[in-house]
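An overview of the molecular structure
For reference, the chains in residue letters:
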Amino acid sequence: MSALDKNDVGRQVYQLISKLYPVHRSITGNGFRKTMRLLRRHIPVRIHEVSTGTRVFDWSVPKEWNIKDAYVKDSQGNKVIDFRKCNLHIVAYSLPVKKTMSLGTLKKHLFTLPDFPDWIPYRYAFYTKTWGFCLSHNDFLKLQEGTYEVRIDSRLKKGHLTYGEYFIKGRQAEEVLVSCHACHPALCNDNLSGVAVAVIMAKCLSSLSLRYSYRFLFLPATVGAITWLRRNEARLSRIKHGVVLTGLGDPGRSTYKKSRLGDTEIDRAFIHTLKNSGQDYEILDFSPSGYDERQFCSPGFNLPVGCLMRTPPDRYPEYHTSADNLDFIRPASLADSFSKCLSVISILENNRKYINLNPKGEPQLGRRGLYRTMAGQSEQPPSELALLWVLNFSDGQHSLLDIAEKSGMNFEAIRVAADLLQKEGLIKPVFERA
Ligand code: ZN
């Protein structure tokens, strides 16, 4: 996994985002389906459809929304707002409209960002019957008194909620869940970055021999996660570790938000990875605001699911605006987020407990050539210390991650030491259920 070329990964993830960016998505509808079909060019995502009105815990699956066109024309017939130029112009779930009206009436349905007058905000009205347009504040200020023709060619009808799922079978039935929301229109960091990193990661994992099984979810935010949880409630005990991926492409430092449980193996694996990355990072405690970790960590499930992002959404003004575009995200940030996820997966895959088969006194390592073997490894610094830590704490109680944390050493150094000791017959893994 470590041999992956970072530039190449950054480019692949960025290219996928560029392909998905023009598609107009919402929490239901053909744009979401088209997005899933585009993902299928990379991995065989299974597309699920759930009927409008299906009860999912305290929610019900909403009507399906589709839109063909939307615009506002001034009295000269000029399109002053045009959905075809930027799909953020329409408030998601806007009801159909075909009317002429005064500027005063129109203004009640217009949304802008006066503090960032060049940017178009992203607004939605999933659960209120209304309509609206978003535009830059500068364009808003140019609107003259007069009558305007408003046209929204949308349909809100019984249909389906769509989501995508991709499963990779490992040696164990226990699963690692990787979830991301895929329902936003032209926004890159939130959350095409999460979608694209998950897809390229899934592609990469699918060619490996894996201990855990991996389940990737591409969901409409909130109601999609609740729908998936409802439909899979009987199988949730298989989820051993999980992460929500979002906002992975901005230039800020990595942030990991802990699961509600707070000290699970995935929490520890992410904290260890960020701590040892040599870069600035932040760890946040769980809070019931944010992304779909809210649903996975709701008290009735309380799953070991954290959230990886870079800058948290409330700390960058581009969030939910047209400025969260292809210029805002960086291939280097995407590649860095990707490589941190793979480091965490490598920890999960290799984190085992061992038994020292020669626990009375230290075994004579020199006689077995272990010091020399370590010195000959170029990828890791030679570490007698790692051998000693693994030997001492391989008592069937401490995992390699426990030992890495105790020793202050990188997990990878501890894993390399454990591999060597196992090859030499000095330790053996504790029996693992298949
Ligand atoms: Zn969002």
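All of these numbers come straight from a predicted model, not from anything done at the bench.

1. Considering unusual backbone geometry
- Note that the residue after Asp190, namely Asn191, is joined by a cis bond; omega there is 5°.
- Position of Asn191 relative to the elements: it lies in helix H5 (residues 188–205).
- Notably, Phe57 is not glycine yet its phi reads approximately 50°, a positive angle.
- Along the chain, Phe57 turns up in the loop between strand E2 (55–56) and strand E3 (59–60).

2. Here's the deal with helix H12 (residues 400–407)
- Summarising burial for H12: 6 of the 8 residues are buried, a large majority.
- Turning to H12, its buried residues are Leu400, Leu401, Asp402, Ile403, Ala404 and Ser407.
- Buried residues along H12 sit in contact with helix H7 (265–275), helix H9 (331–350), strand E17 (353–356), helix H11 (384–393), strand E18 (395–399) and helix H13 (411–423).

3. What to know about the coordination of the zinc ion
- Around the zinc ion, the donor atoms from the protein are His184 (NE2), Asp190 (OD) and His320 (NE2), and they sit 2.0 to 2.1 Å away.
- In primary sequence terms, the donor set of the zinc ion follows H-x5-D-x129-H. Here His184, found in the loop between strand E11 (175–181) and H5, pairs with His320, found in the loop between strand E16 (305–309) and H9; they are 136 residues apart in sequence, far enough to count as distant.
- Judged by its relative accessible area of 9%, His184 falls in the buried class.

4. Comments concerning empty space enclosed by the protein
- Scanning the model with the defined rule gives 4 cavities of 30 Å³ or more in all.
- Estimates place the volume of the largest cavity at around 60 Å³.
- At the level of elements, E11, H7 and H9 are the ones that each hand at least two residues to the lining of the largest cavity.

Basis of the calculations
Residues numbered from 1 in each chain as written. Predicted model: local features only at pLDDT ≥ 70, side-chain atom pairs only at ≥ 80, totals over all residues. Heavy atoms only, no water. Helix = DSSP H or I, 4+ residues; strand = E, 2+ residues; numbered from the N terminus. Buried < 20%, exposed > 50% of the residue type's maximum accessible area, 1.4 Å probe, protein only. Contact = heavy atoms within 4.5 Å. Donors = N, O, S within 2.8 Å, 3.2 Å for Na, K, Ca; no water. 1 Å grid on protein atoms, 1.4 Å probe; cavity = no way out; pocket = protein on both sides within 12 Å on 5 of 7 lines; lining within 4 Å. Points joined across faces, edges and corners; volume = space filled by probe spheres on them.

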